[in-house]
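Structural features, examined
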Amino acid sequence: MFTLQQKQIANFTKIEEAKFVQKTVVFIKYNYRDWAKNRSDEELDDFVNEMILIGKNSKIFKEVNIQKLIFLNIQFQYPLPLTFAHRILLKEENIDEDHRVKKFYKALLNISS
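Read on for a plain summary of the structure. (Residues numbered from 1 in each chain as written. Predicted model: local features only at pLDDT ≥ 70, side-chain atom pairs only at ≥ 80, totals over all residues. Heavy atoms only, no water.)

Things to note about the pattern of salt bridges
Using the criterion set out here, one finds six salt bridges in the structure. Where lysine 56 meets glutamate 17, a salt bridge forms, and the shortest distance between an N and an O atom there is 2.5 Å. You can see lysine 56 sitting in helix α3 (residues 41-57) and its partner glutamate 17 sitting in helix α1 (residues 6-31), a full 39 residues away along the chain. You can call lysine 56 partly exposed: its relative accessible area is 39%. Glutamate 17 gets classed as partly exposed once you look at its relative accessible area, which sits at 23%. Where glutamate 63 meets lysine 23, a salt bridge forms, and the shortest distance between an N and an O atom there is 3.1 Å. Residue glutamate 63 is located in helix α4 (residues 63-76), and its partner lysine 23 is located in helix α1; the two are separated by 40 residues in the primary sequence. (Salt bridge = Lys/Arg side-chain N within 4 Å of Asp/Glu carboxyl O. Helix = DSSP H or I, 4+ residues; strand = E, 2+ residues; numbered from the N terminus. Buried < 20%, exposed > 50% of the residue type's maximum accessible area, 1.4 Å probe, protein only.)

Have a look at this one:
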């Protein structure tokens, strides 16, 4: 029987996160050139890692939803760290993460209108 220890799982998670950060930084540099042009690779890495942490703290784990949060931050420039109201929207209970991200997007649209 194959058994993973907690340390092995943690190491695997770190490797996967590092891959996600790397590919997301490339994506940002290509698709959001104007936003990224004055930011170093280290700043972009830090930004993506901060968004991953926001996701974890909000129980948002899907890569696609973290990418949506990144897009929304670039598009709407909401403050980091998140305001209390933003944290409440992302942590709302009894709603799956896809719908919480969608509600967050709609709230940002309403604020920017």
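Points about helix α6 (residues 97-112)
When the terminal C-alpha atoms of α6 are compared, their 23 Å separation across 16 residues agrees well with the 22 Å that a helix rising 1.5 Å per residue should span. Listed as buried for α6 are Glu97, Arg100, Val101, Phe104 and Leu108. One face of α6 carries all of its buried residues, which in axial projection span an arc of 100°. Lining the buried residues of α6 we find α4 and α5 (84-91). Looking at where α6 begins, the residue whose side-chain oxygen comes 3.0 Å from the main-chain nitrogen of aspartate 98 is aspartate 96. (Expected span 1.5 Å × (residues − 1). Arc of directions from axis to C-beta. Contact = heavy atoms within 4.5 Å. Polar contact = N/O pair within 3.5 Å; in protein donor to acceptor, adjacent residues only side chain to side chain.)

A short note on α4
For α4, built from 14 residues, the straight-helix expectation of 20 Å at 1.5 Å per residue is met to within 8% by its first-to-last C-alpha distance of 20 Å. All of the buried residues in α4 are Asn65, Ile66, Leu69, Ile70, Leu72, Asn73 and Ile74. Positive backbone phi, at 50°, marks glutamine 77, one or two positions downstream of α4.

Here we look at unusual backbone geometry
Excluding glycine, most residues fall at negative phi; most peptide bonds, likewise, are trans. In this structure, the amide linkage connecting leucine 80 to the following residue, proline 81, adopts the cis form with an omega of -5°. When you line up the elements, proline 81 lands in the loop between α4 and α5. Unusually for a residue other than glycine, glutamine 77 sits at a positive phi of about 50°. Within the secondary structure layout, glutamine 77 lies in the loop between α4 and α5.

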